[in-house]
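Coordinate analysis (summary)
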Amino acid sequence: PLYPLWLSLLWRLWPQFPANVALFALGDAAFLGLAAWITARHLYRRLPLPTPVVLLALAAGFVNFPLLTLVSIRMSEPLFLLLLTGAVAVADRAKPGVRDGVLAGALAGLATEAKTVGLCVLAGVVLSLWLRRHRRPALAAAAPGAPVAEPRLVVVLPAAGPVHRRLPPYTT
């Protein structure tokens, strides 16, 4: 529901359809650009890579046909990518504090509102902090993310069937 909410806000800014579709595309391009910027900052901060290597990695990751195709049509992937990269960059700081945990959890929780697979982002943020022995930030990340993710779990898990005929359903 987050992406339709975003589009509705843009629609209120410029209600003339179909001209306002250009504004929607601009918003998606901005999400992609911000995700690339966050990724570049994160690479510079966490890995001692030379600038050409970072630029090549960004080009390979963000300037490719499938991703640019997703930006050219109205889908929630650019917003999800922005929330995902933000959550990972904050959670992966060298010494994350409780505030970092809350921010990472909030971004991951919002990612669940952009795409249901954001549940994996939330779980990954909490687990990565926990496994790196940052217990308080991990619990702080779960605090804002869990209330947002809970309705998804209540709806998705009971409806989930078996993944494969040899595997039992998730709910048994």
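Residues numbered from 1 in each chain as written. Predicted model: local features only at pLDDT ≥ 70, side-chain atom pairs only at ≥ 80, totals over all residues. Heavy atoms only, no water.

1. Some words on the confidence of the model for the chain
What counts here: The pLDDT value tells you how sure the predictor is about a given residue, anywhere from 0 up to 100. Counting from the N terminus, the helices are the DSSP runs of H or I reaching at least four residues and the strands are the DSSP runs of E reaching at least two.
Confidence in the prediction of the chain, expressed as mean pLDDT, is 86, and 89% of residues score 70 or more. Across the chain, the secondary-structure element scoring lowest on mean pLDDT is helix 4 (residues 65-72), at 74, and the one scoring highest is helix 5 (residues 77-91), at 95.

2. Brief notes about helix 3 (residues 51-62)
Given 3.6 residues per helical turn, the α-helix brings residues three or four places apart onto the same face. To keep things clear, this is the line we draw: Multiplying 1.5 Å by the helix residue count minus one yields the expected span of that helix. Any residue under 20% of the maximum accessible area for its type is buried, any over 50% is exposed, and the rest in between are partly exposed; the area is computed with a 1.4 Å probe on protein chains only. By arc we mean the arc of the directions from the helix axis to the C-beta atoms, nothing more. Pairs of residues are marked as contacts when any of their non-hydrogen atoms sit within 4.5 Å.
Here helix 3 is twelve residues long and its end C-alpha atoms lie 16 Å apart, about the 16 Å a rise of 1.5 Å per residue gives. Those residues of helix 3 not exposed but buried are Val54, Leu58 and Phe62. Take helix 3 and look down its axis: the buried residues cluster within an arc of 40°, on one side only. Every exposed residue of helix 3 that faces more than 90 degrees away from the buried side is listed here: Pro52, Leu56 and Ala60. Structurally, helix 3 contributes buried residues whose contacts are with helix 2 (21-46), helix 4 and helix 5.

3. Focus on the nonpolar core
Nonpolar side chains in soluble globular proteins tend to end up buried together. Definition in use: For our purposes a nonpolar core is just a set of buried Ala, Val, Leu, Ile, Met, Phe, Trp, Tyr and Cys residues, chained together by side-chain atoms within 4.5 Å.
Residues Phe62, Leu79, Leu83 and Val125 are the most contacted members of the largest nonpolar core, which totals 40 residues. Among the secondary structure elements, those contributing two or more residues to this core are helix 1 (2-13), helix 2, helix 3, helix 4, helix 5, helix 6 (98-114), helix 7 (118-131) and helix 8 (135-159). Those residues in contact with Leu83 that sit more than four places away from it in its chain are Leu2, Leu107, Leu110, Ala111 and Ala114.

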